[in-house]
Each structure stands twice: as C-alpha cells, then as structure tokens.
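Secondary and tertiary structure notes
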Amino acid sequence: MAGVNKVILIGNLGADPEVRHLENGSVVANFNIATSETYTNKNGERVDQTEWHRIELWDRLAQIAEQYLKKGNQVYIEGRLRTENWTDKDGQPRSRVSIRGNSMTLLGGPNSQAGSPAGASSGSERPAPPSREAAVPPAIASQDDDDDLPF
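So, here is what we can say about the structure in this document. (Residues numbered from 1 in each chain as written. Predicted model: local features only at pLDDT ≥ 70, side-chain atom pairs only at ≥ 80, totals over all residues. Heavy atoms only, no water.)

Concerning the overall build of the chain
When its secondary structure is counted, the chain shows one helix and seven strands. Taken from N to C terminus, the helices and strands of the chain fall in the order β-β-β-β-α-β-β-β. For the chain, the residues scored as buried account for 31% of the 151 residues in total. Contacts in the chain between residues at least 24 apart in sequence constitute 59% of all its contacts with a sequence separation of at least 6. (Helix = DSSP H or I, 4+ residues; strand = E, 2+ residues; numbered from the N terminus. Buried < 20%, exposed > 50% of the residue type's maximum accessible area, 1.4 Å probe, protein only. Contact = heavy atoms within 4.5 Å.)

Rendered as structure tokens:
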C-alpha cells in the first residue's frame, strides 16, 4: 500500500518570494512562512511558539506567487514534504526539509481589514487579488498512480 505525504499549512510570509526563471522555461519560487501557536505552560505563563517552513512552488503557482505574494501575506499551502541531502564545500553532509506546494490559496496580508474580502488592503499598495487556488501543472504532478484502492 502506498503511503501518504501531505502537509497543510496556513502561515505568514517572512519575506517576498525568491523567484527564478530557468532556461527550460520553468519557474520556481521559494519562500518561508511562519506558523504560530500559543499555549500556557505548567507555570501558567503564556508561551508563543513559531515554526518556519520552507516552501517551493513551480511553474503556474510560482508565477502567481511572484505576482501576488508579499512579505506578511497570509497564505494557505497544501503540498508534500521533500528532504534534500548534499555535501557542502567543506565536505560536511547537509540536509533541508521543504514543502513542495501543489495548491495555494491567498488569504490576505497584514493590511487586510477585518470583515472585508480576502486580499483587500488599505493604503497606497496595490490591492491583492481575491483568494484563488491553482493546481500543480501536470509536469510536476505525482506519477504515483500505483495504489490499490478500489475507487
């Protein structure tokens, strides 16, 4: 039976996406999002805990990220975990876990007003688009059709 590798995150961008246009025509966007939770520890103190997640988007999703995502925007990401392993210039083994996104919904940004549509902003910045979702292009969709589910 095949396993499941699925990540769902809602978080805020720590910086504008870094976008590269490759020679073969592909586009890749990388950015970090922060997810936070608050809890009360055993001493009754309120504790805020923030986790940072490295996101990688390809092709159409990368183009949407390049056009609309800015530092502080809130975004919903679905994807899968990817682990990269390499050896650095000093010969030390290194690894990094990232999320390869296959779905994204823009939820708004730091300038969004409560009660207004997602992505609405105030001030002189151009308004963000309404929430939109884009699927992974077939070129990077998973080829794992080898499951034994009857439906």
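There is more to say, and it comes next.
A word on the pattern of salt bridges
With the rule as written, the count across this model stands at five salt bridges. One salt bridge connects Arg100 with Glu56, and the closest N-O pair in it is separated by 2.6 Å. Of this pair, Arg100 sits in strand β6 (residues 93-108) while Glu56 sits in strand β4 (residues 46-58), and the two are 44 residues apart along the sequence. On the accessibility criterion, Arg100 (13% relative accessible area) is buried. (Salt bridge = Lys/Arg side-chain N within 4 Å of Asp/Glu carboxyl O.)

Concerning unusual backbone geometry
A positive phi angle, near 50°, is found at Asp59, a position not held by glycine. Within the secondary structure layout, Asp59 lies in helix α1 (residues 59-68). We classify Asp59 as buried; its relative accessible area is 16%.

Some remarks on the nonpolar core
Nonpolar side chains in soluble globular proteins generally cluster together in the buried interior. Counting 19 residues, the largest nonpolar core has Phe31, Leu57 and Met104 as its most contacted members. Within the residue set of this core, elements represented by two or more residues are β1 (7-13), β3 (27-40), β4, α1, β5 (74-87) and β6. Ignoring any residue separated from it by four or fewer positions in sequence, one finds Phe31 in contact with Leu13, Ala15, Pro17, His53, Arg54, Ile55, Leu57, Ala65, Leu69 and Ile77. (Core = buried A, V, L, I, M, F, W, Y, C linked by side-chain atoms within 4.5 Å.)

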